[in-house]
Amino acid sequence: MEFIEPLVRHFLGIFFLMIGLQFAGRSLGLYQRMRFSHINYGERGSAPWWHRQTFNVFRAFILGVCVVRIFADIDPWLGVFGPLYVWPILLVGMLLLIGSFTSVNYLQAYMHEDWRSGIDPRKDKRKLLTGGPFGRSRNPLFLAVMAGQLGFFLALPSVFSLVCLVAGVLVITRQAREEEKALAAARADAEEKKKARVKMMRGEGRSMKLMKHGITVLRTSTAHLHTPIIKRQILTQSETPLI
């Protein structure tokens, strides 16, 4: 405990500080390269907007608390659960946070240019990933983040981290439902466009058939018109007296 407890205490402060810097640096770099924001808040006052604001507030509180704990003993203010504050649980929490961080980075790298935070309003640029980890789970990123929230609770078992865990899970599950709605709407739009294209192709097919049928009728009608003329010409030539 004399070694693990200060290790985990310092780890939490450095860990959440580095996550904030990495996320900010990645977002700014993508914006400079792609010229659009990969962080989507949604319309002001909408459910995704409130989810993002709530997440940002809790993230700021977690970062502040973890950094302050390195320099000051504020655990009594956090409501630490004494029976859970033992080195095996703290160590498991730290390892779970490291695993969550690794998984999130792997998944974002797998998504590459398709990675977004929030619901992308640019409907024509959306792409649904169904392979790799996304073939086994619809929301692997959310699962990785929730694993990290559980790891934070175990690394700092307290009333504060329990509130963060419950709030985080609620926000993520609600955001997942909003993204499912957006996905369903996108699929409906794609189906409508597909139906419209099929109808157009069928209409063009009917037009082509009518055109071909019209040409055939026209040729038949023309043939009937020319037949008497040809017969008349042959008859006229046969009746002409030989010199």
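Residues numbered from 1 in each chain as written. Predicted model: local features only at pLDDT ≥ 70, side-chain atom pairs only at ≥ 80, totals over all residues. Heavy atoms only, no water.

### What to know about the nonpolar core
In terms of nonpolar packing, the biggest core is built from 20 residues, with Val 8, Leu 12, Phe 16, Ile 62, Leu 97, Phe 152 and Phe 160 touching the most fellow members. Elements that contribute at least two residues to this core include exactly helix H1 (4-34), helix H2 (47-71), helix H4 (87-111), helix H5 (140-155) and helix H6 (159-239). In terms of residue count, H1 provides more of this core than any other element does, 6 residues in total. Other than its neighbours up to four places away in sequence, Leu 97 contacts Phe 11, Leu 12, Phe 15, Phe 16, Gly 148, Gly 151, Phe 152 and Ala 155. In terms of nonpolar packing, the next biggest core, distinct from the first, is built from 8 residues, Val 104, Leu 107, Met 111 and Phe 134 among them. (Core = buried A, V, L, I, M, F, W, Y, C linked by side-chain atoms within 4.5 Å. Buried < 20%, exposed > 50% of the residue type's maximum accessible area, 1.4 Å probe, protein only. Helix = DSSP H or I, 4+ residues; strand = E, 2+ residues; numbered from the N terminus. Contact = heavy atoms within 4.5 Å.)

### A word on the packing of aromatic side chains
By the definition in use, this model includes 9 aromatic pairs. Taken together, Phe 11, Phe 15, Phe 16, Phe 101, Phe 152 and Phe 160 form an aromatic cluster joined through their ring pairs. One cation-aromatic arrangement involves Arg 59 over Phe 23; the distance from NZ or CZ to the ring centre is 5.2 Å. (Phe/Tyr/Trp six-rings, centres within 6.5 Å; stacked < 30°, edge-to-face > 60°. Lys NZ or Arg CZ within 6 Å of the ring centre and 35° of its normal.)

### Examining the side chain of Ser 100
Checked against the element boundaries, Ser 100 lands in helix H4. A distance of 3.4 Å separates the side chain of Ser 100 from the backbone nitrogen of Gly 148, its partner in a polar contact. Not counting chain neighbours up to four residues away, the residues in contact with Ser 100 comprise Ala 144, Val 145, Ala 147 and Gly 148. (Polar contact = N/O pair within 3.5 Å; in protein donor to acceptor, adjacent residues only side chain to side chain.)

### Examining the pattern of salt bridges
Tallied over the entire structure, the rule returns 5 salt bridges. Taking the shortest distance from any N to any O, the salt bridge between Glu 178 and Lys 181 comes out at 3.6 Å. In this pair, Glu 178 and Lys 181 are both assigned in helix H6, 3 residues apart and thus about one turn of the helix distant. When salt bridges with common partners are traced through the structure, they connect Glu 5, Arg 9, Arg 69 and Asp 75 into a single cluster. (Salt bridge = Lys/Arg side-chain N within 4 Å of Asp/Glu carboxyl O.)

### Remarks on the packing of H1 against H2
Close contact between H1 and H2 brings their axes to 8 Å; oriented N to C, the two are set at 140°. One finds that H1 runs oblique with respect to H2. Two packed elements cross with a definite hand, and for H1 against H2 that hand is left-handed. Side by side, H1 and H2 meet where Glu 5, Arg 9, His 10, Leu 12, Gly 13, Ile 14, Phe 16, Leu 17 and Phe 23 of the first sit next to Arg 52, Arg 59, Ile 62, Leu 63, Cys 66, Val 67, Arg 69 and Ile 70 of the second. Residues of the contact of H1 with H2, tallied by class, amount to 10 nonpolar, 2 polar and 5 charged. (Axes fitted to C-alpha atoms, helices over the stretch in contact; angles between N-to-C directions. Parallel < 35°, antiparallel > 145°, perpendicular 65-115°, else oblique. Left-handed = near helix turned anticlockwise from the far one by under 90°. Nonpolar A, V, L, I, M, F, W, Y, C, P; charged D, E, K, R; others polar.)

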